[in-house]
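Summary of structural features
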Amino acid sequence: MWKRLRVLASCSMLLVASGALADDKAAKKASDSGVRRDPKGIKGISPFWEAVKKGDSAFTARDFDGAIVAYREAITAEPQNALGHYRAGEAQIAKGDLKEAEAAFESGLRFVGNDSMLKAKLDFAVADLGERKKAYDDAIAKWTEYETFTTAQPDAKGYPATGTERKKVVETWKKVSADALEVKARIDKRLKEADDAVRKSSK
C-alpha cells in the first residue's frame with residue numbers, strides 16, 4: 001500500500017516537473033525572441049512595424065512574393081500609412097510587376113501627408129517607374145515634380161540635381177526612340193517599294 005502511494009506520488013511529481021519544464025521552455029522561447037508587442041506601438045512593436053520588418057527581411061533574401069505579402073499585412077494594419085504602400089511598390093518593381101508598383105506608389109502619395117522625406121522617395125520612385133515603362137513624357141514631368149519638391153523642401157533630404165540629370169537622359173532616350181522609329185519607317189517604305197518593283201517586273 002505505502003509502496004504504491006510512493007509510486008503514485010513520484011509519478012505526480014514527475015508530471016508536475018515536466019509541466020513546469022514545458023512552461024519554462026515556452027517562457028524562455030518568448031523571452032529569447034525579445035519581441036514585445038503593443039498594438040499602439042508604445043511599449044512594444046506594433047503589428048504594422050512587425051509586418052514591415054518581416055517584409056524587409058524577405059526582400060533582403062530576394063523573396064519578393066513573401067515581401068509583398070508582408071507589406072500587404074502592414075497596409076491592412078495601417079491602410080493610411082504611406083510607408084507600407086511605398087515598400088510594397090518597391091517589392092513589386094523587384095518582382096517585375098510595374099502595374100502593381102504604380103498602384104502602390106499612387107496610394108502612397110495619396111496618404112503621405114506632411115512626411116517630406118517619404119514624399120521625395122515616392123516622387124523619385126514614380127519618376128523612375130516612368131522611365132522603366134518608357135513613358136518618356138510622363139517620366140520628364142515626374143522628374144520635374146521631384147526636382148521642384150526637393151528644391152523647395154530641403155528637409156526632404158532629396159537630390160534636386162538627380163531630377164535635372166535624369167530629364168537629360170530621358171530626353172536623349174526620347175530622341176533616340178523617335179529617330180529609330182523614323183529609320184524603321186524609311187526601311188519599311190524601301191522594302192515595300194522593292195517588293196512592288198519585283199512584282200511589276202515579274203508580270
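Before reading further, recall that the structure is shown in the block above.
Residues numbered from 1 in each chain as written. Predicted model: local features only at pLDDT ≥ 70, side-chain atom pairs only at ≥ 80, totals over all residues. Heavy atoms only, no water.

Helix and strand counts for the chain stand at 8 helices and 0 strands. Shown N-terminal to C-terminal, the secondary structure of the chain runs as helices and strands in the order α-α-α-α-α-α-α-α. Considering the chain as a whole, with its 203 residues, one finds that 26% of them fall into the buried category. Considering only residue pairs separated by 6 or more positions, the chain has 44% of its internal contacts joining residues 24 or more positions apart. Carbon and sulfur atoms form 59% of the exposed surface of the chain, whose accessible area is close to 14,200 Å². (Helix = DSSP H or I, 4+ residues; strand = E, 2+ residues; numbered from the N terminus. Buried < 20%, exposed > 50% of the residue type's maximum accessible area, 1.4 Å probe, protein only. Contact = heavy atoms within 4.5 Å. Areas by Shrake-Rupley, 256 points an atom, 1.4 Å probe, with all protein chains shown as cover.)

Inspection of the secondary structure assignment puts His-85 in helix 4 (residues 82–95). Filtering out sequence-adjacent residues up to four positions away, His-85 remains in contact with Ile-75, Pro-79, Ala-104, Ser-107, Gly-108 and Phe-111.

Below, the discussion takes up unusual backbone geometry. Residue Arg-62 is not a glycine yet carries a positive backbone phi of 65°. With respect to the helices and strands, the residue Arg-62 is situated in the loop between helix 2 (47–60) and helix 3 (64–77).

Within the fold, Ala-125 resides in helix 6 (residues 116–132). For the pair formed by Ala-125 and Lys-142, sequence separation is 17 residues and the distance between their alpha carbons is 9.4 Å. If we ignore the near neighbours within four places in the chain, the residues touching Ala-125 are Tyr-86, Glu-90 and Phe-105.

One pass over the full model with this rule turns up 12 salt bridges. Taking the shortest distance from any N to any O, the salt bridge between Lys-54 and Glu-73 comes out at 3.0 Å. Residue Lys-54 is located in helix 2, and its partner Glu-73 is located in helix 3; the two are separated by 19 residues in the primary sequence. Lys-54 sits in the partly exposed class, given a relative accessible area of 45%. Exposure remark for Glu-73: the relative accessible area of 36% places this residue in the partly exposed category. Linking Lys-174 and Asp-137 is a salt bridge whose minimum nitrogen-to-oxygen distance equals 2.6 Å. (Salt bridge = Lys/Arg side-chain N within 4 Å of Asp/Glu carboxyl O.)

Turning next to the nonpolar core. With 16 residues, the main nonpolar core has Tyr-86, Phe-105, Leu-118 and Leu-122 as its most contacted residues. Listing elements by their share of this core, those giving two or more residues are helix 2, helix 4, helix 5 (98–111) and helix 6. Of the residues forming this core, the biggest block, 5 residues, is contributed by helix 6. Those residues within four positions of Tyr-86 in sequence are excluded, and the remaining contacts are Phe-105, Leu-118, Lys-121, Leu-122 and Ala-125. With 9 residues, the next largest nonpolar core counts Ala-127, Ile-140, Ala-156 and Val-170 among its residues. (Core = buried A, V, L, I, M, F, W, Y, C linked by side-chain atoms within 4.5 Å.)

In this structure the tally under the stated criterion is 6 aromatic pairs. Ring centres 5.1 Å apart and planes at 85° place the aromatic pair Phe-124 and Trp-143 in the edge-to-face group. One end of the pair, Phe-124, is in helix 6; the other, Trp-143, is in helix 7 (residues 136–152), and 19 residues separate them in sequence. Given a relative accessible area of 34%, Phe-124 falls into the partly exposed group. An aromatic cluster of three or more residues is present, and its members are Phe-124, Trp-143 and Tyr-146. In this arrangement the basic side chain of Lys-119 is found over the ring face of Phe-149, its NZ or CZ atom lying 4.5 Å from the centre. (Phe/Tyr/Trp six-rings, centres within 6.5 Å; stacked < 30°, edge-to-face > 60°. Lys NZ or Arg CZ within 6 Å of the ring centre and 35° of its normal.)

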